[in-house]
Amino acid sequence: MSDGARVLIVDDEREFATTLAERLSLRGYDASAAFSAEEALAVVAASAPDVVLLDLTLPGVRGVELLMTLRQLLPHGEIILLSGHLDLAEKIEGVRIDAFGMLLKPVVMAELTGKIDAALARRKTHAAR
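Residues numbered from 1 in each chain as written. Predicted model: local features only at pLDDT ≥ 70, side-chain atom pairs only at ≥ 80, totals over all residues. Heavy atoms only, no water.

Visitor: When you look at the sheet that holds strand S7 (residues 101-104) in this model, what are you seeing that I'm missing?
Guide: Pairing between the strands of a sheet comes from backbone hydrogen bonds, and it takes one of two forms, parallel or antiparallel. A sheet is described by the order of its strands in space; here 5 strands give the open sequence S2-S1-S3-S6-S7, paired in parallel fashion. Among the strands making up the open sheet, the edge pair consists of strand S2 (30-34) and S7. Strand-to-strand twist of the sheet, defined as the mean angle between neighbouring strand axes without regard to direction, takes the value 20 degrees. Strand direction decides the pairing type here: strand S6 (residues 78-83) and S7, joined by 4 bridges, are parallel. Each residue of the ladder has a partner; that of Ile80, found in S7, is Gly101. Its contacts with the sheet put helix H1 (residues 14-26) on strand S1 (6-10), S2, strand S3 (51-55) and S6, and the angle it makes with S2 is roughly 175 degrees. Packing of helix H2 (residues 37-46) onto the sheet brings it into contact with S1 and S2, and relative to S1 it is tilted by some 165 degrees. (Pairing = 2+ DSSP bridges. Helix = DSSP H or I, 4+ residues; strand = E, 2+ residues; numbered from the N terminus. Axes fitted to C-alpha atoms, helices over the stretch in contact; angles between N-to-C directions. Contact = heavy atoms within 4.5 Å.)

Visitor: Got a minute to help me understand the pattern of salt bridges in this structure?
Guide: Side-chain pairs of opposite charge can arise whenever the charged atoms involved come near each other. If you walk through the whole model with that rule in mind, you get 6 salt bridges. Between Asp50 and Arg123 there is a salt bridge, with the nearest N and O atoms lying 3.2 Å from each other. Within this pair, whereas Asp50 is found in the loop between H2 and S3, its partner Arg123 is found in helix H5 (residues 109-128), the two being separated by 73 residues in sequence. On the basis of relative accessible area, Arg123 is assigned to the partly exposed category, the value being 23%. Across the pair Glu78 and Arg122 runs a salt bridge, and its minimum N-O distance is 2.8 Å. Placement of the pair is Glu78 in strand S6 and Arg122 in helix H5, with a sequence separation of 44 residues. Exposure remark for Glu78: the relative accessible area of 2% places this residue in the buried category. (Salt bridge = Lys/Arg side-chain N within 4 Å of Asp/Glu carboxyl O. Buried < 20%, exposed > 50% of the residue type's maximum accessible area, 1.4 Å probe, protein only.)

Take a look at the structure:
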C-alpha cells in the first residue's frame, strides 16, 4: 500500500534511522531520516511527509513537545511514536495529542509497515472528508 508514500523517521540514533529508511525504501516508501527536532522541522517545512515515525527521546526536546508542533504543522499527517521503552505517561499523552500509535524499538518490519499502511488509510479517510 506504500505507493511511494513519504515517511520521515525522526530519531537521533543515526544508524537505526538510516537503516530503517533504507528498509522502508526497499518496500516502496519514499523514506528519509532526520536526526534532531530542528532537522525534522526543516524537512516537514520543505516537504510535508504523509507519516512521521517519531522517537520520543530526542536530545534537547521532549518528544511530546515535538509531537504537538508536528501535529500543528501536519494537520492531515499521521504520526507514529517510537520508543526504546514503554512509558505509559508518554503513550497516554501521545494519544491525547492524536498520535496514530506507539511502537517499541527495535521494531518488527511487518508490524511497522502494517502500522504505516493503517496510518495512510486513516489519512486518506480524513482527507476525503
